[in-house]
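# Topology and contacts: notes
Each chain, letter by letter, is given below.
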Amino acid sequence: SQQGEEDPQALSIQEGENATMNCSYKTSINNLQWYRQNSGRGLVHLILIRSNEREKHSGRLRVTLDTSKKSSSLLITASRAADTASYFCATDGGAQKLVFGQGTRLTINP
Amino acid sequence: DAGVIQSPRHEVTEMGQEVTLRCKPISGHDYLFWYRQTMMRGLELLIYFNNNVPIDDSGMPEDRFSAKMPNASFSTLKIQPSEPRDSAVYFCASSFGTGNPNGELFFGEGSRLTVL
């Protein structure tokens, strides 16, 4: 079964707006990661947040983690057309393998 | 540095044929993963290796699928015989785990398989 579930499944916003995607998971984790996938390409790692961290920043990305609610969010600020992609969260669920959610398809309209 | 290299990028074959997908991980990485991506099931982990040894193959769908890693720089995923439901994009990924495979994964560009 899927460990991480993203919400929403699809998101369409105007360039310059902020985009927020959420991820919920079921079991305890060591860390949670976010990846981006452009159409027809492989996944690219964006950011990793450990279970003892609550927030992490990388450029225009901000990730939060709430282990009590078993949820995480990815915020992309000042979105650009190049941010159009699918975004996945991945968790280890305490086991030694990453499990990916179904992803959020983000479309940035010019 | 070269990333994870997969071949072929596209494969179209007929039901019953043998398919071999190839992967060259990033030099120095000690974990290698095979994933399958479909619209219906998303991204599924098939098998992963640590130091060339298969650790968990519980995601391999059935006996028609097999994976090998004869050395640190090469892995294959074989489907024999192939079926239309095997149509998917197959990704190889590698990581430097230092005993923990849950670090950042580096993905190849994938092999898109179509079985007619």
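Look up a bit, the structure's there.
Note that this is a predicted model, so its numbers are computed, not measured.

Criteria and cut-off values
Residues numbered from 1 in each chain as written. Chains lettered and ligands numbered in written order. Predicted model: local features only at pLDDT ≥ 70, side-chain atom pairs only at ≥ 80, totals over all residues. Heavy atoms only, no water. Helix = DSSP H or I, 4+ residues; strand = E, 2+ residues; numbered from the N terminus. Rg over C-alpha atoms; globule rule 2.2 N^0.38 Å. Buried < 20%, exposed > 50% of the residue type's maximum accessible area, 1.4 Å probe, protein only. Contact = heavy atoms within 4.5 Å. Areas by Shrake-Rupley, 256 points an atom, 1.4 Å probe, with all protein chains shown as cover. Lys, Arg positive; Asp, Glu negative; His and termini not counted. Charge placed at Lys NZ, Arg CZ, Asp CG, Glu CD. Polar contact = N/O pair within 3.5 Å; in protein donor to acceptor, adjacent residues only side chain to side chain. Phe/Tyr/Trp six-rings, centres within 6.5 Å; stacked < 30°, edge-to-face > 60°. Pairing = 2+ DSSP bridges. Axes fitted to C-alpha atoms, helices over the stretch in contact; angles between N-to-C directions. Disulfide = S-S within 2.5 Å.

## Topic: the overall build of chain B
Secondary structure summary: chain B contains zero helices and eleven strands in total. Moving toward the C terminus, one meets the helices and strands of chain B in the order β-β-β-β-β-β-β-β-β-β-β. Taking 116 residues into account, the globule formula puts the C-alpha radius of gyration at 13 Å, and chain B, at 13 Å, falls close to it. Projected onto its principal axes, the C-alpha positions of chain B cover 40 × 30 × 25 Å. Counting all 116 residues of chain B, 50% fall into the buried class. For chain B, long-range pairs separated by at least 24 residues make up 55% of all intrachain contacts whose partners lie at least 6 apart in sequence. Per element, the accessible surface of chain B, about 5700 Å² overall, is 51% carbon and sulfur. Of the side chains in chain B, 10 bear a positive and 14 a negative charge, and the two mean positions are spaced by 4 Å.

## As for the side chain of Glu44 of chain B
Residue and element names in this part refer to chain B. Mapped onto the elements of the fold, Glu44 is located in strand 5 (residues 42-50). Owing to a relative accessible area of 16%, Glu44 belongs among the buried residues under this scheme. A polar atom in the side chain of Glu44 sits 2.7 Å from the side chain of Arg41. In this view, Glu44 contacts Trp34, Tyr35 and Arg36; residues no more than four positions away in its chain are not counted.

## Quick word on the packing of aromatic side chains
Geometry of an aromatic ring pair is reported as the spacing of the ring centres plus the angle between the planes. With the rule as written, the count across this model stands at ten aromatic pairs over all chains. Judged by centre distance (5.9 Å) and plane angle (80 degrees), the rings of Tyr35 of chain A and Phe107 of chain B are edge-to-face. Separated into two different chains, Tyr35 of chain A in strand 4 (residues 31-37) and Phe107 of chain B in strand 10 (residues 106-107) make up a pair that spans both. According to the relative accessible area criterion, Tyr35 of chain A is buried, its value standing at 0%. Here Phe107 of chain B falls in the buried class, since its relative accessible area comes to 11%. Each member of the aromatic cluster is reached from another via a ring pair, and the members are Tyr35 and Phe100 of chain A together with Tyr31, Phe33, Tyr35, Tyr48, Phe91 and Phe107 of chain B.

## What about the environment of Ala67 of chain B?
Assignment of secondary structure puts Ala67 of chain B in strand 7 (residues 65-71). Along the primary structure Ala67 of chain B and Arg22 of chain B are separated by 45 residues, whereas in three dimensions their C-alpha atoms are 9.8 Å apart.

## Points about the sheet that holds strand 1 (residues 5-7) of chain B
All names here are of chain B. Read from one edge to the other, the open sheet built from four strands follows the order 1-3-8-7, with strand pairing classed as antiparallel. Each edge of the sheet is formed by a strand with only one pairing partner; in this case those strands are strand 1 and strand 7. Strand-to-strand twist in this sheet, taken as the mean axis angle between neighbours without regard to direction, amounts to 15 degrees. Looking at chain direction, strand 3 (residues 19-24) and strand 8 (residues 74-79) are connected through five bridges and run antiparallel. Bridged to Thr20 within strand 8 is Lys78.

## Points about the state of the cysteines
Residue and element names in this part refer to chain A. Applying the stated criterion to the full structure yields two disulfides over all chains. Note on cysteine connectivity: Cys23 is disulfide-linked to Cys89, with sulfurs 2.0 Å apart. Disulfide Cys23 to Cys89: torsion about the S-S bond roughly 65 degrees, handedness right-handed. Placement of the pair is Cys23 in strand 3 (residues 19-25) and Cys89 in strand 9 (residues 85-91), with a sequence separation of 66 residues. For the pair Cys23 and Cys89, a shared accessibility class is recorded, and that class is buried.

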